[in-house]
Amino acid sequence: MPIQFERREKVARYVDAQTGEEHGITCELRRDPLTGHSGRVAHVLGFRLHPVDFAPMIEASRHHCPFCPERILSVTPRFPAEIVPEGRIHCGEAVVFPNLAPYDQHSAVVAMTHEHYVPLSGFSDPILRDSFAACLDYFRAVQRLSDTPYALIFWNYLPASGGTQIHPHLQAFVTDTPGNALEDELAAGLRYYQSEGRPYWNDLVHEEVQLGERFIARGSHTVWLTSFVSQSLLADTLVIFPERRTATALTEADIAEFCIGLGQTLRHFETQGIYSFNLALFSATPDREDFRVHARISPRVYMTPRIWGTDTSALQHLYGEHFMVRTPEAAAQDLRAALNL
Ligand SMILES: [Zn+2]
């Protein structure tokens with residue numbers, strides 16, 4: 001079946017206690033065109049972003065940060081020589097070392113920069129490019145030794161995202177078990193390919209460019225959209241590499257363009273009052289003709305910072321049902337003006 005953007009509205013009715021008048025509040029149910037997973041546009045009334053003062057925790061964490069340049073080489077571990085003969089991988093300011101809280105057999109951390117704290121508007125092209133290039137160097141080092149096929153990168157920035165250090169760092173790991181979201185995408189993408197004869201991801205780009213509602217920008221190596229069913233309250237940005245199936249196949253030019261767009265996206269987030277985000281790179285194996293590498297950038301916020309209320313309730317955490325307070329279409333319209341690849 002070709003790509004469908006399924007949405008339907010539902011109206012919840014209530015009676016105003018003061019006037020006795022009946023009113024309706026609309027929410028919208030959507031289904032992801034690939035996986036069929038549902039999500040909602042809901043909780044829209046009265047939502048606004050509240051600023052959070054991170055300054056005290058930035059200063060308090062600076063004095064014992066293991067990723068700051070005065071400590072990193074003495075307190076972070078080294079790779080065994082058969083993985084990385086030099087012990088750690090260096091690329092510009094980025095340093096890759098083993099994760100002492102590993103997620104799998106091959107699990108690394110990338111300290112991205114010498115700076116302990118970087119505001120979202122401060123992630124320069126060299127910081128981003130060197131950090132992602134360092135992840136690829138690590139993947140190549142591991143894949144020389146192992147046939148674990150999935151090379152994944154994720155980034156939790158600042159505490160609202162689940163990040164456990166203020167100092168900017170990426171997680172890179174190589175695994176044969178890539179997690180439920182990617183496994184669902186791989187299964188659904190294969191079904192789509194068998195039915196339509198083309199990769200879903202290239203058809204998605206074609207459809208989104210035609211519709212224009214969620215399309216943001218297209219460069220020589222990447223296409224930028226917002227996700228029809230996002231996992232953030234504030235809509236996710238999807239970055240698709242239309243020519244690539246695996247992270248290790250990404251070229252310097254691919255990474256360079258991705259990092260230009262990522263830096264511009266983060267600067268835009270800051271203008272919107274967004275201070276925290278998750279990023280995940282989804283990558284398959286070279287034989288997967290149906291798959292294209294893509295990244296999801298998902299703003300994270302405190303819903304009610306006054307009481308440390310997070311943006312993840314039982315609805316998302318236990319029912320697996322995400323909702324957006326802002327439509328992906330409105331988010332795309334804003335980001336379109338901010339991106340220039
Ligand atoms: Zn630090």
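Definitions and limits used
Residues numbered from 1 in each chain as written. Predicted model: local features only at pLDDT ≥ 70, side-chain atom pairs only at ≥ 80, totals over all residues. Heavy atoms only, no water. Helix = DSSP H or I, 4+ residues; strand = E, 2+ residues; numbered from the N terminus. Expected span 1.5 Å × (residues − 1). Buried < 20%, exposed > 50% of the residue type's maximum accessible area, 1.4 Å probe, protein only. Core = buried A, V, L, I, M, F, W, Y, C linked by side-chain atoms within 4.5 Å. Contact = heavy atoms within 4.5 Å. Pairing = 2+ DSSP bridges. Axes fitted to C-alpha atoms, helices over the stretch in contact; angles between N-to-C directions. 1 Å grid on protein atoms, 1.4 Å probe; cavity = no way out; pocket = protein on both sides within 12 Å on 5 of 7 lines; lining within 4 Å. Points joined across faces, edges and corners; volume = space filled by probe spheres on them. Nonpolar A, V, L, I, M, F, W, Y, C, P; charged D, E, K, R; others polar.

Asker: In this structure, what is going on with helix 3 (residues 125–143)? I would like to understand it.
Answerer: Spacing of three or four residues puts side chains on the same side of an α-helix, whose turn is 3.6 residues. Over its 19 residues, helix 3 runs 27 Å from end to end, which matches the ideal 27 Å to within 8%, given 1.5 Å per residue. Within the span of helix 3, buried status applies to Ile127, Leu128, Ser131, Phe132, Ala134, Cys135, Leu136, Tyr138, Phe139, Ala141 and Val142.

Asker: Explain the nonpolar core here, please?
Answerer: The nonpolar side chains of a soluble globular protein tend to be buried, and buried together. Formed by 68 residues in total, the largest nonpolar core has its most connected members in Phe123, Tyr138, Phe139, Trp155, Phe258 and Leu262. Residue contributions to this core peak at 10 residues, all from helix 3. The residues contacting Tyr138, other than those within four sequence positions of it, are Phe79, Ile89, Val96, His106, Ser107, Ala108, Ala172 and Val174. Grouped together as the second largest cluster of nonpolar side chains are 25 residues, Ile3, Leu34, Leu152 and Phe173 included.

Asker: Would you take a moment to explain the sheet that holds strand 4 (residues 89–91) for this structure?
Answerer: Backbone hydrogen bonds hold the strands of a sheet together, and the pairing may be parallel or antiparallel. Ordered by their spatial adjacency, 10 strands build an open sheet running 4-5-6-8-7-12-13-11-10-9, and the pairing between neighbours is antiparallel. Single-partner strands in this sheet number two, and they are strand 4 and strand 9 (215–218). When strand polarity is set aside, the average angle formed by the axes of neighbouring strands in this sheet is 15 degrees. Bridge count between strand 10 (residues 223–226) and strand 11 (residues 237–240): four bridges; the pairing is antiparallel. When the sheet's bridge partners are listed, Thr226 is paired in strand 11 with Thr237.

Asker: Explain empty space enclosed by the protein to me, please; I cannot follow it from the model alone.
Answerer: Any empty space left between atoms is shown by rolling a water-sized probe over those atoms. As enumerated under the stated definition, the model contains one cavity of 30 Å³ or more in all. Looking at the largest cavity, its volume works out to about 30 Å³. Together, Phe132, Ile153, Phe241, Leu250, Ile255, Phe258 and Leu281 line the largest cavity. Residue composition of the lining of the largest cavity, grouped by class: seven nonpolar, no polar and no charged.

Asker: Please explain the pairing of strand 13 (residues 294–300) as it appears in this structure.
Answerer: Working note: regular strand, side chains alternate between the two faces of the sheet. Among the seven residues that make up strand 13, seven are buried, leaving the element largely enclosed by the rest of the structure. Burial along strand 13 is two-sided: His294, Arg296, Ser298 and Arg300 and Ala295, Ile297 and Pro299, pointing in opposite directions, are all buried. With four bridges joining them, strand 11 and strand 13 adopt antiparallel strand pairing. Directly across from Ile240, in strand 13, lies its bridge partner His294. As paired elements, strand 12 (residues 276–282) and strand 13 share seven bridges and run antiparallel to each other. Bridge pairing in strand 13 links Leu279 to Ile297.

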